[in-house]
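Results of the structural survey
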Amino acid sequence: MEISIRKLTDEKLMQRACEMTMHGETSNMTLEKIYKCEHSPIRTQMFWVEMLGIPSFVSVHFVRHKIGVEHFVSTNREDRGGNGEANRWTPVNHGMLINAQALINMARKRLCYKAHNEVRKIMEEIFKSMCLLDLALAERMVPECVYRNGCHELRPCGYYESLKKISTEQ
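Here's what I pulled together on the structure shown here.

What counts, and where the lines are drawn
- Residues numbered from 1 in each chain as written.
- Predicted model: local features only at pLDDT ≥ 70, side-chain atom pairs only at ≥ 80, totals over all residues.
- Heavy atoms only, no water.
- Phe/Tyr/Trp six-rings, centres within 6.5 Å; stacked < 30°, edge-to-face > 60°.
- Helix = DSSP H or I, 4+ residues; strand = E, 2+ residues; numbered from the N terminus.
- Buried < 20%, exposed > 50% of the residue type's maximum accessible area, 1.4 Å probe, protein only.

**Quick word on the packing of aromatic side chains**
Geometry of an aromatic ring pair is reported as the spacing of the ring centres plus the angle between the planes. Inspection of every chain in the model, using the stated rule, returns 3 aromatic pairs. Note on Trp48 and Phe72: the rings are 5.9 Å apart at their centroids and 45° apart in plane angle, and the pair reads as tilted. Here Trp48 is found in strand E2 (residues 46–55), whereas its partner Phe72 is found in strand E3 (residues 69–73), with 24 residues between them in sequence. With relative accessibility at 23%, the residue Trp48 sits in the partly exposed group. Take Phe72: its relative accessible area is 48%, and that puts it in the partly exposed class. On the numbers, 4.9 Å between centres and 35° between planes, the contact of Tyr113 with Tyr159 is tilted. Placement of Tyr113 in the loop between helix H4 (100–110) and helix H5 (117–133) and of Tyr159 in helix H8 (residues 159–169) is noted, with a sequence separation of 46 residues between them.

The quantities given are spatial measurements derived from coordinates; they are silent on function.
So this is what it looks like as structure tokens:
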């Protein structure tokens, strides 16, 4: 398995998008601020994410996210090179053209400890790669319970409660 991310746009595009809404004023908005407030210019920040050799079922979990992202997944069809023996663990290549808001939303679900372990591992790798590429965005890529200040799953895993306990002990 190999994960790589390439940033396609820059801060200047986000600032120009902000300026379009400000009647000719110059924007001094930073990526850190726009990621924190999640206003619409956040969507100007585009990334190309490649996940090579991931299990087919993991790819299916990522494909469920469809707002702000386009997916490109290798096929297992026999008439396109597949061998007819594919199963849920068959490796596929999965590319995503995705904006910053969609990455934040995806991380909320896929970094959750209720997500499948294999899916969470790959999302953690995406997060680690993003830390090296765009730390301000990576800091916003958190599990749902952290984002919403509490777990709202029907059967919580206990992660958020452990965070609260650690913070009160300090």
